[in-house]
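Below, each chain spelled out in residue letters.
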Amino acid sequence: MKILFKNARILTLKNEKIINGDLLVENNKIARIGSKINVKADKTIDCEGNLLMPGFKNAHSHSAMTFLRSATDDLPLDDWLNKTVFPREAKLRKGDVYALSKIAFLEYLTSGITSCFDMYYFPEEFKKASEEIGMRNVILYLLNEGEDSEKNAIKFYKDCNKKDSLVTTLLGFHAEYTSSLSKLKFISYLVNKYKLPIYTHANETLKEIKDCMKRYEYNPIEKMDKLGIFNYGGGIYHGVHLCEAEMNILKNKNVGVVTCPASNLKLASGIASIKDLVNKGIKVSIGTDGPASNNGLDMFREMYLVSTLSKYKENDCASIKAIDVIKMATKNGADLMRLKNSDTLEVGKYADIIMIDLAKPDMQPINNIINNIVYAGNKLDIKMTMINGKILYFNNKFYLKEDVKNIYKNAYKVISHLR
Ligand SMILES: [Zn+2]
């Protein structure tokens, strides 16, 4: 199957230039990029000067938490978590995550997100749902203590990460504050035995850090590093409050930070020090976090917040550039999620491509496309989302194997029993 995009502006992100030209997709990969490509294709799309760029990578989410979206907002954090989120999550049954994740996937497609890095229960169901929709998602497999858990995790890891798998997996755990010391030690044993990167929530709130200091007399990153958890790199989600020593550890151990600004604002957790992280040489990527704490799964809103919050925090409107935020939302996310073949638009890489509608009023005039996307854009500017060479969303319509009405119907059945 050959799909030829003609008359496009193309931001490959191999560099920061936007070129005018054509792009040919053959099966699931980018076959050619050039000023004029004349081949007989199965489908030719006139881009009319619209922008093709790599799809956004949502580097942290809990997709299936769609059932909690806007159900229990505006409460103190402890009440929200302990009285509304945890009791409802306890009712999750087999099949629920499969149905609920699909609502999030539809939203990702409309937001130009081609991959998300998901942490939640029932990873097999998330995998099945991702494959059915056609999303290149990454599962964070949550580790537990014990020999059986080790066997299951490694089996899942190997089964998932075959050559050309659409859905892959990495290993992690929820957080230091929800793990016993013996569990943390077990995780360190697995990381060092299998030489694998590790991912976890960390340093999201000040309370979490204070509690960790009380427990261990160390900050969370220092404690986990002392246990050897970061010996093979990985990533932390949030990283709102990090001291200099912790940032040095993250840099030296090649641990990235996934910033989730909308969630951090809504839960009043704080504002991450993006400039300090970047200056240290720590790779920053962007996540929406789950729909219970955000509540939208919209990379445009996150990019705007990463940029403007950083400028505000530094009291310096030159502290971060729009292009750097776009890289965080694409390439850096791909790097953290180990998606090296879908980070840029280059020949031989997977065709995970989005088209941005530059004819929309918020994209006009075209003084600077990159600045327009970060400062003026929104997800309604997404004209097309292609993943693995398949157009899944185009001109406000989904092109999926399953009827969207059916996805909502199945999710609603689940939501009513979780209320
Ligand atoms: Zn989270």
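These numbers come from a predicted model, not from an experiment. Starting afresh in each chain, residues are numbered from 1 along the sequence in its written order. It should be noted that, the model being predicted, local features are given only for residues of pLDDT at least 70 and side-chain atom pairs only at 80 or more, the latter also being counted only at that level, while totals for whole chains, interfaces and linings use all residues. Side-chain metrics in this entry use all non-hydrogen atoms of the structure; hydrogen atoms and water are not considered.

Enquirer: Explain the coordination of the zinc ion to me, using residue names and the numbers behind them.
Expert: Nitrogen, oxygen and sulfur within 2.8 Å of a metal are treated as its donors, or within 3.2 Å for sodium, potassium and calcium (Na, K, Ca); water is not counted, so a site can appear incomplete. For the zinc ion, the full set of protein donor atoms is His60 (NE2), His62 (NE2), His201 (NE2) and Asp289 (OD), and the range of their distances to it is 2.1 to 2.5 Å. Here the zinc ion is ringed by four donor atoms whose angles at the metal span 85 to 169°, and the overall shape comes out irregular. Taken in chain order, the donor set of the zinc ion reads H-x1-H-x138-H-x87-D. Pair noted here: His60 is in strand β6 (residues 56–61) and Asp289 is in the loop between β13 (284–286) and α11 (299–314), with a separation of 229 residues, a long-range link. Neither residue differs from the other here; His60 and Asp289 are each classed as buried. Metal sites are grouped by the angles between bound donors: all angles between 85 and 135 degrees with four donors is tetrahedral, opposite donors over 155 degrees apart with the others between 65 and 115 is square planar for four donors and octahedral for six, and any other pattern is irregular. Here a strand is any run of E in DSSP of at least two residues, a helix any run of H or I of at least four, and the numbering for each starts at the N terminus. Per-residue accessibility, obtained with a 1.4 Å probe over protein chains only, is compared with the maximum for each type, and a residue is labelled buried under 20%, exposed over 50%, and partly exposed between these values.

Enquirer: An account of the sheet that holds strand β10 (residues 198–202) is requested, with residue identities and associated values reported.
Expert: In short, DSSP must find at least two bridges between two strands for them to pair. Spatial strand order, β6-β7-β8-β9-β10-β11-β12-β13: eight strands in an open sheet with parallel pairing. Each edge of the open sheet carries a strand with a single partner, namely β6 and β13. Averaged over all adjacent pairs, the angle separating strand axes in this sheet is 25°, with direction ignored. Alignment of β6 against strand β7 (residues 113–119), held across four bridges, turns out to be parallel. Residue pairing across strands places Phe56 opposite Ile113, the latter belonging to β7. By the convention used here, residues are in contact when the closest approach between their heavy atoms is within 4.5 Å. Axes here refer to lines fitted to C-alpha atoms; in helices the fit is confined to the stretch in contact. Angles between the N-to-C directions go from 0 to 180 degrees. Helix-sheet contacts for α11 involve β6, β7, β12 (255–259) and β13, and the interaxial angle to β6 is about 80°.

Enquirer: Account for unusual backbone geometry, with residues named and values stated.
Expert: Omega for the bond connecting Asn294 with Asn295 falls within 30 degrees of zero, at 5°, which places this linkage in the cis form. Here the amide bond leading from Gln364 into Pro365 is cis, since omega sits at -10°, within 30 degrees of zero. Its place among the elements puts Pro365 in the loop between β14 (353–356) and α13 (369–376). If you check the backbone angles, Asn395 has positive phi at about 50° while not being a glycine. Within the secondary structure, Asn395 is located in the loop between β16 (390–394) and β17 (397–398). Under the relative-accessibility criterion, Asn395 is labelled partly exposed at 40%.

Enquirer: Please give an account of the packing of α11 against helix α12 (residues 322–336) that cites residues and values.
Expert: Geometrically, a packed helix pair is captured by the angle between its two axes and the distance between the axes. One way to put it is that α11 packs onto α12 with a least axis distance of 10 Å and a crossing angle of 135°. If you check the angle between α11 and α12, you find them oblique. In this structure, α11 crosses over α12, and the sense of that crossing is right-handed. Contacts between α11 and α12 pair Met299, Met303, Val306 and Ser307 from the former with Val325, Ile326, Met328 and Ala329 from the latter. Roughly parallel covers angles under 35 degrees, roughly antiparallel covers those over 145, roughly perpendicular covers 65 to 115, and oblique covers all other angles. Two helices cross in a left-handed way if the nearer one is turned anticlockwise from the farther one by less than a right angle. They cross in a right-handed way if the turn is clockwise.

Enquirer: Describe the state of the cysteines, and please don't skip the residues or the numbers.
Expert: By definition, a disulfide links the sulfur atoms of two cysteines through a covalent bond. Our working definition of a disulfide is a cysteine sulfur pair at a distance within 2.5 Å. For the structure on display, the rule yields zero disulfides. The thiol sulfur of Cys212 is not disulfide-bonded, and the nearest other cysteine sulfur, from Cys243, lies at 11 Å. Its relative accessible area of 0% is what places Cys212 among the buried residues.

Enquirer: Provide a residue-level description of the environment of Ile373, including the pertinent values.
Expert: Here Ile373 lies in helix α13. On a C-alpha basis, the gap between Ile373 and Met303 in space is 8.9 Å, while along the polypeptide they are 70 residues apart.

Enquirer: Tell me what's going on with the nonpolar core, and back it up with residues and numbers.
Expert: Generally speaking, a soluble globular protein has its nonpolar side chains buried in company with each other. Residues enter a nonpolar core if they are buried and are Ala, Val, Leu, Ile, Met, Phe, Trp, Tyr or Cys, with the set joined through side-chain atoms within 4.5 Å. Among the nonpolar cores identified, the biggest contains 101 residues, and Phe56, Met303, Ile356 and Ile373 are the most heavily contacted of them. It is helix α2 (residues 96–110) that contributes the most residues to this core, nine residues altogether. For Ile356, the contacting residues outside a window of four places in its chain are Asn50, Leu51, Met53, Phe300, Met363, Ile373, Asp381 and Ile382. With 18 residues, the next largest nonpolar core counts Phe5, Ile30, Cys47 and Met386 among its residues.

Enquirer: I'd like a rundown of the side chain of Glu246, residues and numbers included.
Expert: In this fold, Glu246 is placed in helix α8 (residues 244–252). When charges are counted, Lys and Arg are positive and Asp and Glu negative, with His and the chain ends excluded. The term salt bridge refers to a side-chain nitrogen of Lys or Arg lying within 4 Å of a carboxyl oxygen of Asp or Glu. Buried charged residue Glu246 carries no salt bridge. Nearest counter-charge: Arg215, at 11 Å.

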